[in-house]
Amino acid sequence: MKKKLLTILVTSLVMIAAMGIFLFKMNSMTKHMEKKQEALRKEEMDTDLKTKAFEDIDKLDLQTLYISGDKKNVVTTGNKELNDIYSKGKSADIEERLTDLKQKGSYSQKDPLWAYDPFGTNPESFYLYFKTKGQFYCRYTISVDDDKVPDFTRTLDNGKADNLTKEHEYNVTGLVPGKTNYMIFRLYNKKDELADTLYYKVKMPKSYSGAQVILSSQSPQVAKSRQEQQNGLYTVFRKAPSGEKNAILLYDNSGVLRGEFPTRCCNINMEEIYDTLIYALDDNTLVRVNELGQVTDCLEIPLHHIYGEYAYDGSGAVYILAQPVQSSGSLGSVVKLEINSGEVTDALDLSDIPALVKLVKHADKKNRLKGKNHMAIDSVQVVGTNQLLLGSSKYSAIMKISNVNSLMPKLDYMITDQKQWNISGKGREKKRLRRKILTKALEEGQEEPVQASPLIDSILDTGKDTTPELFRSQYGQNALVVEKDPALAEGQYYVSMLNNNAGRGSSGKKSSYYYRYLVDENAGTYALTEKERLPWNGKGGNVTAYKESFLYCLAGKHVYEEIDKTGRVIRSFKVKGDLKRVYKSDWKGFWFY
């Protein structure tokens, strides 16, 4: 018996020791992975102006790429005019030409196929193709001899399992226009061991659009944050000033131009849908561009004029703020575009909603509804099947519309201050209209505000708000963002925005805000769950949460900022032209891994 107990004891001790060793190794591996990830994160910050990779290149290993001239060794297609760039047929012809070259040539890592921006959709990029004998992934660095330009390092996404492949085809973006760019490509095996390093240099053409290559940093108006910027590229939407061309611009964390998407018009948003980027070429055409830069489709919206953003419904269609060209007048309208078929339908005319027409007539004392977009609808989000959330900064109103794509659309409710609409007092119609406005509420755990004077309850329904003002609603808001949280109940969602605190009825205080509401359709309420004070903007612009910070576009001041969660400025940049909106993306899963 004692012998059995001793055996059990020894076995238990051995198992405990083995488990301890296993946990120790796992902990060490975790720490090693964390250190590696942190090193990669810092390398991709685009803020280190001291370390220059090109300084360590041996000239004997350096190959020069020539885009033009007698030594030309790069494929070029001559796509310069927008009509040529944004032609599905011509773009397909170029893809066929590249495929033919790939099949006829033996392109290895030592002798790859290079093409300078073959499809014309990003002049700061190269097409790269080669094969390797083993399975590798590729990480590259772009280095420029300029003290204001940091090295730009990313891991390319090849779309294969664990990002390992023998056939490599990439869109290498991030080159700096007008500069000699040094490119260092490193191939790693599945053990993350460096297998090979390749060195190139190329003199890049000047910026296509004429935009600033290096933005000037602005001194913050408030205390500067100690927080770092978040990794990613700023996507800058602006209307080009005189002498420049319109383009969607990509800037790194140091304000260096790393990409341009040529357009005819001024965009205010761009979405990644079905592994393609979709943005407006002009006021009646959306284009689809894949990760290699090829134009896969040009989606025309005939007899309409796009006047604002668009939103994806998650099911193959986008809803676009667009007005029929021949329309004599409307409160505002939305069209639906099926991405794959290109079918266009008139999804919504706000003038077809009687309750909304009555509300606007009450709000406008002269009862004159003029113009093709009288409510100045400037934001759209999809909140359900045939359900849209629309924003009107002019009326400081957010509207939930259902029965979209039907002859009888319905105004479900509005998020707005009742005093904006001149519907207080008695009368059946005013009572019905007041029910269309959601009630302010407190989020669970929030305390009610202290009242300066006691409330007097009235027996009669006068329509006057006799409840405490829990918070001020948004005024002159812009750029709605809807969030569906799985933790929320059915009928609940978050909506955030830039509350410009401007327009009629605003407080007059020179501050704008980041607002985030919790909307509860079942209870008929909305609660202010987050509020961040911002420098006053006045009109347009946007503010969005991005990882651990906020991106804030002060359209009126031609400035965009990255701000921490306490409202302090991390970094601020000045942009020439009529600035519209700014977003940020790390582009992982599209260009990068």
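Use the structure listed above.
A brief report on the enclosed structure follows. From a predicted model like this one, the values you see are computed outputs, not experimental measurements. Sequence order as written defines the numbering, with residues in each chain counted from 1. Two thresholds apply to this predicted model, a pLDDT of at least 70 for residue-level local features and 80 or more for giving and counting side-chain atom pairs, whereas whole-chain, interface and lining totals are computed over all residues. The side-chain numbers reported here are obtained from all heavy atoms of the structure, hydrogens and water having been left aside.

## Side note on the environment of G332
Thought 1: Helix numbers and strand numbers start at the N terminus; a helix is a DSSP run of H or I with at least 4 residues, a strand a run of E with at least 2. Along the chain, G332 falls in the loop between β17 (317–324) and β18 (333–338).
Thought 2: Separated by 45 residues in sequence, G332 and I377 have C-alpha atoms that sit 6.2 Å apart.
Thought 3: We call two residues in contact whenever any of their non-hydrogen atoms come within 4.5 Å of each other. Excluding anything up to four places from it in sequence, G332 contacts Y307, Q323, L348, D349, L350, K372, N373 and I377.

## Some words on the sheet that holds strand β33 (residues 578–585)
Thought 1: Ordered by their spatial adjacency, 4 strands build an open sheet running β11-β10-β9-β33, and the pairing between neighbours is antiparallel. On the outer flanks of this sheet lie β11 (257–262) and β33, each paired with one strand and no other. Strand after strand, the sheet turns through a mean of 20 degrees between neighbouring axes, direction not considered.
Thought 2: Strands are treated as partners if at least two bridges between them are detected by DSSP. Across 7 bridges, the pairing between strand β9 (residues 233–239) and β33 is antiparallel. Bridge pairing in β33 links L233 to S585. In this description, a line fitted to the C-alpha atoms serves as the axis of each element, helices being fitted only across the stretch in contact, and the angle between N-to-C directions of two axes falls anywhere from 0 to 180 degrees.

## Considering the sheet that holds strand β20 (residues 377–384)
Thought 1: Reading across the sheet, the 4 strands line up as β20-β21-β22-β23 and stay open at both edges, with antiparallel pairing between neighbours. Two strands lie at the open edges of the sheet, namely β20 and β23 (410–415), each paired on one side alone. Averaged over all adjacent pairs, the angle separating strand axes in this sheet is 25 degrees, with direction ignored.
Thought 2: As paired elements, strand β22 (residues 397–402) and β23 share 5 bridges and run antiparallel to each other.

## Details of the side chain of T235
Thought 1: When you line up the elements, T235 lands in strand β9.
Thought 2: Categorising residues by exposure relies on relative accessible area from a 1.4 Å probe, with only protein chains included: less than 20% of the type maximum marks a residue as buried, more than 50% marks it as exposed, and the intermediate range marks it as partly exposed. For T235, a relative accessible area of 5% gives the class buried.
Thought 3: Dropping the residues within four chain positions of it, T235 is found in contact with I248, L249, L250, M270, R581, V582, Y583 and W587.

## Focus: the side chain of N478
Thought 1: With respect to the secondary-structure elements, N478 resides in strand β25 (residues 478–483).
Thought 2: Exposure remark for N478: the relative accessible area of 8% places this residue in the buried category.
Thought 3: By the criterion applied in these results, polar contacts are pairs of N or O atoms within 3.5 Å in which, for protein atoms, one can donate a hydrogen and the other can accept it, and in which residues neighboring in sequence qualify only through two side-chain atoms. Side-chain polar atoms of N478 contact the backbone oxygen of G541, separated by 2.6 Å.
Thought 4: Apart from residues no more than four positions distant in its own chain, N478 is found in contact with D378, M497, L498, N500, G540, G541 and R581.

## Quick look at the nonpolar core
Thought 1: In this structure, Y86, W114, F126, M183, F185, Y279 and W587 are the most contacted members of the largest nonpolar core, which totals 44 residues.
Thought 2: The element best represented in this core is strand β3 (residues 125–144), accounting for 7 residues.
Thought 3: Setting aside anything within four residues of it in sequence, one finds M183 in contact with L65, W114, T141, I142, L175, L198, Y199, Y200 and V202.
Thought 4: Grouping buried Ala, Val, Leu, Ile, Met, Phe, Trp, Tyr and Cys residues that are joined through side-chain atoms within 4.5 Å yields what is termed a nonpolar core. One finds A311, L348, L411 and I423 within the second-largest nonpolar core, a separate group that totals 31 residues.

By themselves, these are just geometric observations and shouldn't be taken as functional.
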